[in-house]
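Fold and geometry: a report
Listed below, chain by chain, are the residues.
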Amino acid sequence: MTFPNALVSSDVRITGDVSRLVLADGVSIFGPSVIVLLDGGGLSGSRLEVGEGTFIGEFANLRTAGAPITIGARCLLGQGVTIVGTNHGTRLGTPIVDQEWVGSGVEIGDDVWIASNSIIVAGARIASGAVIAANSVVRGDVPENAIMAGSPARQVGERRPG
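**Side note on the sheet that holds strand 7 (residues 55-56)**
- One open sheet holds the 8 strands; their spatial order is 1-4-7-10-15-18-21-22, and the pairing between them is mixed. Edge positions in the sheet fall to strand 1 (7-8) and strand 22 (153-158), since each has one partner strand and no second.
- Sheet topology places strand 4 (residues 28-29) next to strand 7; 2 bridges connect them, and they run parallel. From the neighbouring strand, serine 28 faces strand 7, where its bridge partner is phenylalanine 55.

See below:
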């Protein structure tokens, strides 16, 4: 696997169909990190696209799990960030391991900072300019330029010109 215009550390482990990984110019992914591009649980849309100039720190855990993950341009993902495109179903009466996966992937806009050890769950839509504080859990929609913190993450501020 080669990405001529991106830096991918030799200790980044990529599992699955590498043709579903799209890295724009200037992307940096440091390891050890894990990228999983596998379908399953009834879903077949695994794909990871990372925009120009985005930095992904060590110990990243990026798992498409049958759905697309899109990360915009010039984003910063701190160490230990986890992004997962789907979840297991949770219906009573069927073991969780046997249930179909649910979720529509994750979308992250441009110029987003996701600080260390944050978790971005299936269905999250993070608009451009947002900041996610360390150790946050993001689900649902994050407005443009919002500063989010907590588990679950809540808006605690907004980026302003300065």
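On we go from here.
**A word on the nonpolar core**
- Counting residues in each nonpolar core, the largest one holds 35 residues, and the members touching the most others are Leu48, Ile71, Ile83, Ile108, Ile114 and Ile126.
- Looking at this core, the elements that each hand over two or more residues are strand 2 (12-16), strand 3 (21-23), strand 5 (33-37), strand 6 (47-50), strand 9 (68-71), strand 14 (106-108) and strand 21 (146-150).
- Other than its neighbours up to four places away in sequence, isoleucine 108 contacts Thr70, Ile71, Gly72, Cys75, Ile83, Ile114 and Ile126.

**Points about the pairing of strand 5**
- With respect to burial, strand 5 is a largely interior element, 5 of its 5 residues being buried.
- The alternating pattern of strand 5 places Ser33, Ile35 and Leu37 on one face and Val34 and Val36 on the opposite face, and all of these are buried.
- Pairing of strand 2 with strand 5 involves 5 bridges; the strand directions are parallel. What sits directly across from threonine 15, in strand 5, is valine 36.

**Examining the environment of valine 97**
- Relative to the elements of secondary structure, valine 97 occurs in the loop between strand 12 (87-88) and strand 13 (101-102).
- When the C-alpha positions of valine 97 and alanine 24 are compared, they lie 35 Å apart, and in sequence the two are 73 residues distant.

**Brief notes about the layout of surface pockets**
- Its volume calculated, the largest pocket comes out at about 210 Å³.
- Lining the largest pocket, in full, are Val36, Leu38, Arg63, Ala65, Val84, Thr86, Asn87, His88, Trp101, Val121 and Ala122.
- In terms of residue class, the lining of the largest pocket is built from 7 nonpolar, 3 polar and 1 charged.

Reading the values: the criteria
- All chains use their own residue numbering, which begins from 1 and follows the written sequence.
- With the structure being a predicted model, the display of local features is reserved for residues of pLDDT at least 70 and the display and counting of side-chain atom pairs for 80 or more, all residues being used for whole-chain, interface and lining totals.
- No hydrogens and no water enter the side-chain calculation; it runs on all heavy atoms of the structure.
- DSSP calls a pair of strands paired once it identifies at least 2 bridges connecting them.
- Segments assigned H or I by DSSP are reported as helices when at least four residues long, segments assigned E as strands when at least two residues long, and all are numbered from the N terminus.
- Here, nonpolar core refers to any group of buried Ala, Val, Leu, Ile, Met, Phe, Trp, Tyr and Cys residues whose side-chain atoms link them within 4.5 Å.
- Note on exposure labels: buried denotes an accessible area under 20% of the residue type's maximum, exposed denotes more than 50%, and partly exposed covers the range between, all computed with a 1.4 Å probe on protein chains only.
- By definition, residues are in contact when any of their heavy atoms lie within 4.5 Å.
- Cavity and pocket criteria rest on a 1 Å grid covering protein atoms alone: a 1.4 Å probe that fits but cannot get out defines a cavity, protein on both sides within 12 Å along at least 5 of 7 lines defines an open pocket, and an atom within 4 Å of a point defines a lining residue.
- Grid points are joined across faces, edges and corners, and a volume is the space filled by probe spheres set on the points.
- Charged residues are taken to be Asp, Glu, Lys and Arg, nonpolar residues to be Ala, Val, Leu, Ile, Met, Phe, Trp, Tyr, Cys and Pro, and polar residues to be all remaining types, Gly included.

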